[in-house]
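What the coordinates show
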There are 4 protein chains.
Amino acid sequence: MSATPTKTRTASTRAPSARRTGVREQAAQTTRDNILKAAIKVFARYGYEGGSVEKISKAAKSFDRMIYYYFGSKEGLFIEVLEEIYRRMNDAETALDIRLDTPVEALKAVVRFVSQYYRKHPEFVTLLNTENLHKGKHISKSLRAREYSSPAVSVIEQVLAAGVASKEFRADLRARDLYLLIASMGYFYQSNRYTLSAFLGEDIDQPEAVAHWDDFMIDTVLRTVRAA
Amino acid sequence: MSATPTKTRTASTRAPSARRTGVREQAAQTTRDNILKAAIKVFARYGYEGGSVEKISKAAKSFDRMIYYYFGSKEGLFIEVLEEIYRRMNDAETALDIRLDTPVEALKAVVRFVSQYYRKHPEFVTLLNTENLHKGKHISKSLRAREYSSPAVSVIEQVLAAGVASKEFRADLRARDLYLLIASMGYFYQSNRYTLSAFLGEDIDQPEAVAHWDDFMIDTVLRTVRAA
Amino acid sequence: MSATPTKTRTASTRAPSARRTGVREQAAQTTRDNILKAAIKVFARYGYEGGSVEKISKAAKSFDRMIYYYFGSKEGLFIEVLEEIYRRMNDAETALDIRLDTPVEALKAVVRFVSQYYRKHPEFVTLLNTENLHKGKHISKSLRAREYSSPAVSVIEQVLAAGVASKEFRADLRARDLYLLIASMGYFYQSNRYTLSAFLGEDIDQPEAVAHWDDFMIDTVLRTVRAA
Amino acid sequence: MSATPTKTRTASTRAPSARRTGVREQAAQTTRDNILKAAIKVFARYGYEGGSVEKISKAAKSFDRMIYYYFGSKEGLFIEVLEEIYRRMNDAETALDIRLDTPVEALKAVVRFVSQYYRKHPEFVTLLNTENLHKGKHISKSLRAREYSSPAVSVIEQVLAAGVASKEFRADLRARDLYLLIASMGYFYQSNRYTLSAFLGEDIDQPEAVAHWDDFMIDTVLRTVRAA
DNA sequence: CATGAATGAGCTTTCATTCAT
DNA sequence: CATGAATGAAAGCTCATTCAT
C-alpha cells in the first residue's frame, strides 16, 4: 500500500471545498466527477480487479495520475464509488412520495420502486456484489455509507405502521424483515439474471417475465403482510 | 463423481482415459482434481480476475503449466468450476429425501435445504455472482450446466402438486416462481451479508439472526403457498 | 542443447533401416515422414523460433515426444528439414531433361525451371531465408547438404560449354556466376514479393507480372551469355 | 531525421511533443530512440519471434514497459523499425550524387551503391526477409513505407532516360525491371551468403569474391541496358 | 514402441503506482 | 494544477524438453 494509507479523507486527496466555487474549482470538480462517474461504470462492469486504473482514466478522458491526485489510490476511489451509489439510491428513495393513508397502495409503490431501481441501476447491483466478494472491506472504511441505511428501512417502517393502524397489516412483523424480503426478490432477480436464464432455460429479461415477477413480488409481499 | 466423464472435452485438454487406471493415470486424476478444487476456492474468494493462475496452481501444489495442460486456459478452468459447483448442488438436491405425504413439512424441508446449502457453500454464491458479473459468458459455453436445473425446480413442482392435491396449497402458483422466491431469500441473505450488515448496522451472520431469517423465510413461503 | 549434442545421425534418433521393412517399420516410417513434412510446412510458415514443436506435432497428428524420439531435438529436426528440401530440389533438377544440342533453348529451360521451382516451392525460399537468419549454423552441421550443390551448377556448366562450343555463348563466363544470376533473379522476386508489392505499389504476384518477369529474366540471361 | 515526426501515431502511444523541448522531453526522445535502435539490431539478428521484448529493452538499457509506452506493442515497434530502415535507405539514396551527363558511369554508381548498401546494412536485408516471412502484414499497416519507393526507382528512371537520350541505352526497358535486376543481384548475394557459401563450397564473403560479384553485376546490367 | 504427465524458464502484456517537472 | 515519463511486479500463456512408465 502507499505511504499515506487509504483513508476516508486525507489531506492529499482533494475534495473541492463547498464554499464559493471559482472557475478553477469547477474545472477540477468536473475532472473529479468525470473520474467518479467513469469509475462507477468501469467497476460495475469489470469488478474491482478487472476495473483497471487505466480503463477508468481513459473512460473519464483524463489521466491515471489524476485518480491518485483526487482519490489517493484505486481503493480510495472504489470507496467513494460505493458511497456515491448509496447516496444516489438514498436520494431516489427520499424523493419517493408515499401516501400513508392507503397502506396497501403505499406498499405496492415501495415494492415497485425497489424492483425498478435495481433494474434501472444494474451498476448498483454489481458493485454491491463486488464489495461483498471483498467481504465488505471497503464499505467498512466509509463513515458515510451507514448514514444512508435508515431512510430505506424507515419508509417501510412507516408504511407498515400505517397498515397496522388501519388493521390491514398484521402487527407482528419487523420492518427490517419486510425490507429484506422486498430487497431479496428484487435484487436476486436482477443480480442473477444471466445464470438464472441459463439455468431455467428462459430469458428472464423479457418484459413479460419481468412484469410477471413484479406482480408475484407484490402478491407475495401482501400475503406476508396482510392481517389474518 | 468425475469417475464417469460425460464431458464435451476439446482435443487439446486432457481428460484421464477411462480405461483401466494405472498408478500414473490415478496420479494424473489427482492432479486434475486438486487443481479443480483449488480453483473453486480461489475463484470463489478472489473472483475471476483476482483469482490468478498462480494462486490456483500453488493452492493445488502443482504448476501453472498443468492448468493449461488439463483445462486449456483459465477460462476453460472456470467453466469446469461452474459445472462442478452446479453438479455438486444437484447431487445434494438429489440426495434430499422428501416425504410428499406431508406437503407442508416437505416444503419446509426444501426451504431449509436451500437456505442451508447457500450458507454452507458460500463459494457457490460468490462464483455465481462472479459469473453474473461476466454476463453468463462462461456458463453459456457449457453444455452441461443446463442439465442441472430441472431437478431443482421439479422437486418443488412435486411438493407443490402434492399440496394442491391435499388442498393445503393453492393451485394457481407456478413452481418456477416458488423456486425463485425461496432462492431469492436464501441467496440474497448470504450473498449480501457484508453490505447488509454494514447497512443495517447489525451482524446478520449471528446465529440468532440466521435462525430468525430461516423462520421468516418459511413463514413467508407458507403464506404465499397456502390455500385461501 | 541436449546432453548428446545434435548430430547428423545419432544412436538415439531412429532412421528406419533400409532393409526389408516390416509393418512396424512402415508405421514408424509414416510417423517420421509425417513429422518431417509437417515440420517443413510449419518452419516455412513461422520460421524457426515461431515454428513450435507443438505446432509441428499437431500438424503431423502426432505428439511432441515423437519429435524427440525421431529427431533428437528441434534443431535436429530443422537440420533434416533443410536436407530434405535440398534433396527435393536436387531431385527435381536431376529429372530435368536438357537438350544440349540447342544451347539457347536449353538455357531458357533452365531459367524457367529455376523460376518455377521457387514459385512452386515457397517453403524452399522461406526456409533458406530462415537458415540465413541463423547464419547457416544448421546447414553447416549437415554432411549431406553439400552433396546437392554440384548438380545445380553442373547443369549450367554443361549448357554453357555446349553454347561456347557452338559459338553462341561467350567463353569468358563462369558457370557459378551464371547460376547465381539466374538464382538471384528467380529467388529475390519470390522471396521479397510482399515487401516489393508494397514498395512498388503493384501486386507482383499477378500472372502477367510474373510472366513479364520470366521473360525479362530470360532476356537478361541471354544478353549476359551471348557471344559478342 | 526523427526531428520532424510526420507520423500517424495512435493516441495511446506517445510521440514526444513537437513544442519547445525541455530536458525531460529530450530524455524521453533519447529513450524512444534507444529502443528503436536496439530493436533494429535485435530484430535483425533474431527475427521477429526470436527478438524478444526483453532482449530489446535490455539492449536499449531501458525497461520492457517503455516499449509499450512508446510503441504500444511489439508489433507496433516492429512497424516503426521497418519504417525507419526504409527511411534510412531512402535518405542514403537521396544523398547520392548522380551525374546524368555520363549515363554509363551513373548506372555503375547506382549498382555500386545498391550493392554496398546491402553489404553495409545487413540488418536491412534480414529485416525485409523477416517481414516477407510474415507476408508483409506489418508493412501493409504502415502508411509511410510506400512513400519511400519512388526515389529508388526514379533515380534509375532518370539514368535510364539520360542513356536513352545519348543513345547509349536501349529504349525498350522499364526502369522498374532494371531496378529489380540490380536489387536482385545485390540482395540475394548478401541475403543468402551463408547457405550459398555452404552450397557452393566457398566463402563468398571473401573480399575478392565480393569484388568479382560487383564487377559481374555491373557487366550484367550494362549488357542488359546497352543499345544493340 | 509409444505416450500421457510433468517441468521451469520464458514469452508478451498489463498492473498500480511514483517521479520529476 | 496538470501531466508525460518511468518503474518493477505480476498477469496469462507458450516454450522446448525430460520423466516414467
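Here, residues in each chain are numbered from 1, in the same order as that chain's written sequence. A letter from A marks each chain and a number from 1 marks each ligand, given out in the order of writing. pLDDT decides what is reported in this predicted model: residues at 70 or higher carry local features, side-chain atom pairs at 80 or more are listed and counted, and totals for whole chains, interfaces and linings draw on all residues regardless. Water and hydrogen atoms play no part in the side-chain values, which are based on all heavy atoms of the structure.

The name given to chain A in an unreviewed UniProt entry is AcrR family transcriptional regulator, with Acidovorax soli as the source organism.

Counting its secondary structure elements, chain A contains ten helices and zero strands. Burial classification: accessible surface area is computed with a 1.4 Å probe over protein chains only, and a residue below 20% of its type maximum counts as buried, one above 50% as exposed, and the rest as partly exposed. A burial count over chain A gives 53% of its 228 residues as buried. When contacts within chain A are restricted to residue pairs at least 6 apart in sequence, long-range pairs at least 24 apart make up 71% of them. For the accessible areas, the method is Shrake-Rupley and the probe is 1.4 Å, while residue cover comes only from the protein chains on display. For chain A, the accessible area works out to roughly 10,800 Å², and carbon and sulfur atoms hold 53% of it. By the criteria applied, helices consist of DSSP H or I runs no shorter than four residues and strands consist of E runs no shorter than two, each listed in order from the N terminus. Throughout, a residue-residue contact means that at least one pair of heavy atoms, one from each residue, lies within 4.5 Å.

The operation relating the two chain copies consists of a rotation about an axis and a shift along that axis. With an RMSD of 0.1 Å, the operation that places chain B on chain A is a rotation of 180° combined with a shift of 0.0 Å along the axis. On this basis, the relationship between the two copies can be described by a two-fold rotation axis. Most of the interface of chain B is mirrored in chain A: 100% of its interface residues are interface residues there too. When the copies are superposed, the least-squares fit draws on C-alpha atoms of residues that have pLDDT of at least 70 in both.

Turning next to the UniProt feature "domain: HTH tetR-type" (unreviewed entry) in chain A. The UniProt feature table records "domain: HTH tetR-type" (unreviewed entry) at residues 29-89 of chain A. As a span, residues 29-89 of chain A carries 87% helix and 0% strand, and end to end its C-alpha atoms are 22 Å apart. UniProt positions are given in the numbering used here, feature names are shortened, and annotations may be inferred rather than shown by experiment.

Okay, the packing of helix H8 (residues 175-191) of chain A against helix H9 (residues 193-200) of chain B next. Axis definition: a line fitted to C-alpha atoms, over the contacting stretch in the case of helices. Angles run 0 to 180 degrees between N-to-C directions. Closest axis-to-axis distance for the H8(A)/H9(B) pair is 13 Å, and the angle between their directions is 145°. In this structure, H8(A) meets H9(B) at a crossing whose hand is right-handed. The segment H8(A) lies against H9(B), with A:Arg176, A:Tyr179 and A:Leu180 engaging B:Leu196, B:Phe199 and B:Leu200. Residues belonging to the contact of H8(A) with H9(B) are distributed by class as follows: five nonpolar, no polar and one charged. With the far helix as reference, a near helix turned anticlockwise by less than a right angle produces a left-handed crossing, and one turned clockwise produces a right-handed crossing. Amino acids are sorted into nonpolar (Ala, Val, Leu, Ile, Met, Phe, Trp, Tyr, Cys and Pro), charged (Asp, Glu, Lys and Arg) and polar (every other residue, Gly among them).

Residues and elements named next belong to chain C. The span expected for a helix works out to 1.5 Å for each residue beyond the first. Its twelve residues place the ends of helix H6 (residues 122-133) 17 Å apart at the C-alpha level, agreeing with the 16 Å of an ideal helix rising 1.5 Å per residue. In terms of burial, H6 is largely enclosed, as eleven of its twelve residues are buried. Along H6, the residues classified as buried are Glu123, Phe124, Val125, Thr126, Leu127, Leu128, Asn129, Thr130, Glu131, Asn132 and Leu133. Backbone geometry just downstream of H6 places Lys135 in the positive-phi region, at approximately 60°.

Turning our attention to the pattern of salt bridges. For salt bridges, the criterion is a side-chain nitrogen of Lys or Arg within 4 Å of an Asp or Glu carboxyl oxygen. Enumeration over the complete set of coordinates arrives at 60 salt bridges over all chains. Linking C:Glu75 and C:Lys137 is a salt bridge whose minimum nitrogen-to-oxygen distance equals 3.7 Å. Of the two residues, C:Glu75 is situated in helix H4 (residues 74-95) and C:Lys137 in the loop between H6 and helix H7 (149-165); the sequence distance between them amounts to 62 residues. The class of C:Lys137 is partly exposed, set by a relative accessible area of 39%. Note that D:Arg193 and D:Asp205 form a salt bridge whose closest N and O atoms lie 3.4 Å from each other. Here the residue D:Arg193 occupies a position in helix H9 (residues 193-200), and D:Asp205 occupies one in the loop between H9 and helix H10 (207-225), the gap between them amounting to twelve residues. Counted as one network, the salt bridges with shared partners bring together A:Arg170, A:Asp172, B:Asp219 and B:Arg223.

Below, the discussion takes up the interface of chain B and chain A. Taken together, the 57 residues of chain B in the interface contact 57 residues of chain A. Summed over both partners, the interface of chain B with chain A buries about 4,800 Å², with 65% contributed by carbon and sulfur atoms. Summed over the shared surface of chain B and chain A, the number is four salt bridges. The residue B:Arg176 makes a salt bridge to A:Glu202 at a minimum N-O spacing of 2.8 Å. Under the rule applied, a polar contact is a pair of N or O atoms within 3.5 Å (in protein, one hydrogen donor and one hydrogen acceptor; residues adjacent in sequence only if both atoms are side-chain atoms). On the surface where chain B and chain A come into contact, there are 14 residue pairs in polar contact (both at pLDDT 80 or more). By convention, the term buried area covers the 1.4 Å-probe accessible surface removed from two parts as they join, with the contributions of both added.

On to the UniProt feature "DNA-binding region" (unreviewed entry) in chain A, then. Per the UniProt record, "DNA-binding region" (unreviewed entry) is found at residues 52-71 of chain A. The distance separating the terminal C-alpha atoms of residues 52-71 of chain A is 14 Å; by composition the span is 75% helix and 0% strand.

Once that is clear, we can look at the domain arrangement of chain A. All names here are of chain A. Taken domain by domain, chain A holds domain 1 (20-72) and domain 2 (74-225). Each domain's limits were defined by an automated method or a database of domain assignments. Computed over C-alpha atoms, the centres of domain 1 and domain 2 are 28 Å apart. Between domain 1 and domain 2, the residue contacts involve 18 residues of the former and 16 residues of the latter. Overall, the association of domain 1 and domain 2 removes approximately 1,500 Å² of surface from exposure, summing both partners, and the carbon and sulfur fraction of that is 71%. Broken down residue by residue, the surface that domain 1 buries against domain 2 is led by Ile40, Phe43 and Tyr48, which jointly contribute 44%.

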